[in-house]
Structure formats: structure tokens, C-alpha cells
Amino acid sequence: MDAAEQFRAWVDEGHADLPLPGGGGTAERWAGLTAFGAVDLAAARLAEGHADAAAILAELTGEQVAPGEYWGVWAAAPRSLTARHDHTGWRISGDRPWCSGAHTLTDALVTAQTPGGQALFHVRTADAAPLPDTWAATGMAASDSGTVRFAATPARPVGDPGAYLDRPGFWHGGIGVAAVWLGGARGVARPLFDRADHDPHQLAHLGAVDELLSTGDAVLADAARTVDAAPKADAERLALRVRAAIERVATGVLDHVGRATGAGPLCADAAHGRRVADLTVYLRQSHAERDLARLGELGTRP
């Protein structure tokens with residue numbers, strides 16, 4: 001089963017119907033995303049986008065995703081699309097990069113520039129055109145995250161201008177991405193847990209990985225309690241902390257597993273090699289030092 005098929009199966013079987021963030025089931029939501037990431041990072045990327053779209057719709061309009069629909073959020077490079085309104089309604093034009101599931105989704109939420117500022121719109125993906133040869137990635141290749149062209153594509157506003165970024169759930173969604181990273185780290189660690197013997201060096205790496213993964217679990221669990229206790233609070237600082245911590249966990253797992261197992265699994269186990277490449281690429285969705293600098297601007301507690 002390829003990534004697109006796995007994603008559709010999760011949606012069709014109801015596994016992607018996760019609790020909305022801030023409603024008391026946030027830990028369950030993020031645990032579900034972590035579980036997806038441990039199976040297949042590319043499919044999990046699509047499932048995370050679908051779940052995020054469902055949360056955005058619920059927060060801004062109260063709508064629900066209908067059965068048989070596969071949603072995503074295409075909001076990278078926000079100034080790459082413009083929206084105009086005429087007698088037929090809103091229409092969007094431009095090329096949007098980083099559109100995961102470009103050939104798989106039925107619906108997407110996209111940001112576009114309007115005379116009143118940046119706004120969020122719902123589009124049917126059948127009305128847009130994925131551009132060939134715009135996703136040459138090795139890691140996350142199966143996420144199909146190429147560029148999509150919009151040419152006066154019909155669009156429906158979702159919330160008021162600015163609502164997408166201003167809502168509390170924006171940062172909850174950012175933590176959801178980190179939950180998928182943690183799942184990817186669990187998948188990468190599998191050969192070490194399967195192969196570790198009484199060699200003291202492998203056991204040391206195994207212990208380090210166990211500590212890292214348990215730390216990631218604890219960070220997410222604590223963040224879920226915080227969000228459920230104050231779902232409307234500004235969660236930017238929380239999200240930046242969680243994402244930085246989980247990125248460090250995942251990077252540490254990649255290093256320890258590689259040092260413990262050597263080149264063997266990377267060269268002889270295609271699935272493991274793909275997981276390592278996928279996680280390496282997906283972690284770069286983090287903004288790294290830029291996010292740390294922003295965290296410093298917000299102030300830190302001793």
C-alpha cells in the first residue's frame with residue numbers, strides 16, 4: 001500500500017477523525033498523529049493535513065468534512081496566491097508550492113492575498129492543476145508535495161481576513177506536526193529495538209533512544225494538558241517550545257540509530273532507508289534557529 005492509499009484508508013476507516021484540539025481529547029489527537037508517523041511519514045503528512053483542515057473548519061465556521069473527502073492545508077508561501085472578487089464570486093490565481101497530496105486530495109484550504117489582507121479559502125483541487133516536475137525530493141517523495149497552479153480558480157472564503165493566523169488553533173496545529181515527527185522517530189528507531197543485543201555500545205544507544213522518545217511523549221502530554229486547560233490562550237510560545245524539543249528528540253534518534261546500527265539497515269532495508277530520508281526532510285519543516293530566535297523574543301522562564 002503506497003502513501004496515498006494508506007492515507008485514504010485511514011480517512012475512510014475513520015482513523016483520521018481525531019478529537020479537536022482544546023476539547024479535552026488533545027492528548028488522544030496527538031497520540032493518533034504520532035501513531036500515523038510511526039507507520040508511514042508521507043501518509044502521516046497527508047493525514048495530519050486532513051485532520052488540521054477539519055480542525056480549522058470547525059474553529060472558523062463550524063463545518064465538518066464530509067465522507068469521501070480528503071482535505072489538506074496548502075498555506076506555505078502565503079504571498080504566492082492572490083484572490084479577487086467579481087460578479088461570479090471569489091477566484092484565486094498563482095502558483096502555490098509545497099502542496100502535499102497534490103494528486104490525492106479532493107479539497108484544500110489555501111491562503112491568498114486579498115485587498116483586505118491575507119484570507120483563507122476553500123477550493124476543490126479538481127479546479128487546480130499540479131505542475132509536473134516540481135517535486136524532485138528523495139525524502140518525503142511519496143507526500144507528492146509539488147507546486148499547484150491556480151488560474152482564476154473558484155474559491156469560497158473560510159472566515160474573515162486574518163482569521164487563519166489569529167485563531168488559537170493555529171499553534172495547536174503546529175504542535176500536531178511535531179507529533180508526526182515523533183512518530184517518524186519511533187519508526188526510525190525500530191531496527192535498533194529489534195537488533196539490540198548485549199553489546200554495551202548498542203545498549204547505550206538503545207538507552208539513549210528510549211530516553212529521547214519518552215521525553216517526546218512527556219512533552220506532548222504536558223502540552224496537551226496545557227491546551228485543554230486553556231484552549232483559547234495564545235499558544236505560540238508553547239508550540240515553539242514543543243516543536244524545538246521534538247525536533248531535538250528526532251534528530252537525536254536519527255544520530256543514535258545510525259551510530260548503533262551502521263550502514264547495514266540503510267543499505268539493505270529499503271523501508272528503513274526511506275524512513276530515515278523522510279524524517280530528515282520532514283524535520284526541515286521546522287524553522288530551526290528562526291523559531292528559537294522568536295522564542296527568545298517572547299521571553300523565557302528560568
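Residues numbered from 1 in each chain as written. Predicted model: local features only at pLDDT ≥ 70, side-chain atom pairs only at ≥ 80, totals over all residues. Heavy atoms only, no water.

Colleague: What is the right way to look at the layout of surface pockets in this model?
Modeller: With a probe scaled to a water molecule rolled over the atoms, the places where space remains empty come into view. Taken as a whole, the largest pocket encloses approximately 1,000 Å³ of empty space. As for the largest pocket, its lining consists of 36 residues, and the residues nearest its centre are A75, A76, R243, Q285 and H287. When residues of the lining of the largest pocket are traced back to their parent elements, those giving at least two are α3 (41–60), β1 (71–74), α4 (163–166), α5 (169–195), α7 (236–261) and α9 (270–282). Element by element, the count of residues in the lining of the largest pocket is highest for α5, at five residues. In terms of residue class, the lining of the largest pocket is made up of 17 nonpolar, eleven polar and eight charged. Taken as a whole, the second largest pocket spans an internal volume of roughly 390 Å³. (1 Å grid on protein atoms, 1.4 Å probe; cavity = no way out; pocket = protein on both sides within 12 Å on 5 of 7 lines; lining within 4 Å. Points joined across faces, edges and corners; volume = space filled by probe spheres on them. Helix = DSSP H or I, 4+ residues; strand = E, 2+ residues; numbered from the N terminus. Nonpolar A, V, L, I, M, F, W, Y, C, P; charged D, E, K, R; others polar.)

Colleague: How do you make sense of the packing of aromatic side chains when you look at a structure like this?
Modeller: Given two aromatic rings, one states the distance between the centres and the angle between the planes to describe the pair. Under the definition given, this model contains six aromatic pairs. Ring centres of W98 and W135 lie 5.9 Å apart, and the angle between their planes is 75°; this geometry places the pair in the edge-to-face category. Pair noted here: W98 is in the loop between β3 (89–96) and β4 (107–114) and W135 is in the loop between β6 (129–130) and β7 (148–157), with a separation of 37 residues, a long-range link. Note on W98: relative accessible area 54%, which makes it exposed. Ring-pair connections join several aromatic residues into one group, and the members of that group are Y164, F170 and W171. (Phe/Tyr/Trp six-rings, centres within 6.5 Å; stacked < 30°, edge-to-face > 60°. Buried < 20%, exposed > 50% of the residue type's maximum accessible area, 1.4 Å probe, protein only.)

Colleague: Help me understand helix α1 (residues 3–12), please; the structure alone is not making it clear to me.
Modeller: What sets the pattern is the α-helix's 3.6 residues per turn: residues three or four places apart point alike. Counting buried residues along α1, seven of its ten residues qualify, which places the element largely inside the surrounding structure. Buried residues of α1: A3, A4, Q6, F7, A9, W10 and V11, and no others. Residues of α1 that are buried in the fold lie against α2 (26–39), α3 and β1. With a side-chain oxygen lying 3.2 Å from the backbone nitrogen of A4, the N-terminal cap of α1 falls on D2. (Contact = heavy atoms within 4.5 Å. Polar contact = N/O pair within 3.5 Å; in protein donor to acceptor, adjacent residues only side chain to side chain.)

Colleague: Any chance you could explain the pattern of salt bridges here in plain terms?
Modeller: Close approach of charged atoms allows side chains of opposite charge to pair. A complete count under the given rule lists twelve salt bridges for this structure. For R124, the salt bridge identified is with D107, shortest N-O distance 2.8 Å. Here R124 is found in strand β5 (residues 117–124), whereas its partner D107 is found in strand β4, with 17 residues between them in sequence. Between R294 and E236 there is a salt bridge whose closest N-O contact spans 2.7 Å. Remark: E236 occurs in helix α7 and R294 occurs in helix α10 (residues 289–298); sequence separation between them is 58 residues. Here E236 falls in the buried class, since its relative accessible area comes to 12%. Here the residues in one salt-bridge network are E69, D107 and R124, joined through shared partners. (Salt bridge = Lys/Arg side-chain N within 4 Å of Asp/Glu carboxyl O.)

Colleague: Sorry if this is basic, but what is going on with the side chain of R275 here?
Modeller: Along the polypeptide, R275 turns up in helix α9. Nearest to the buried, unbridged R275 among oppositely charged side chains is D269, at 4.6 Å. Within the local environment of R275, its side chain forms a polar contact with the backbone oxygen of G187, the two atoms lying 3.2 Å apart. Once you skip the residues sitting within four places of it in the chain, R275 turns out to touch L41, G187, V188 and R190. (Lys, Arg positive; Asp, Glu negative; His and termini not counted.)

Colleague: When you look at unusual backbone geometry in this model, what are you seeing that I'm missing?
Modeller: The bulk of non-glycine residues show a negative phi, and the bulk of peptide bonds are trans. Residues other than glycine seldom take positive phi values, yet M140 does so here, at roughly 60°. Look at A152: it is not a glycine, yet its phi comes out positive at around 50°. Within the secondary structure layout, A152 lies in strand β7.

Everything listed here is a matter of geometry and, on its own, says nothing about what the molecule does.
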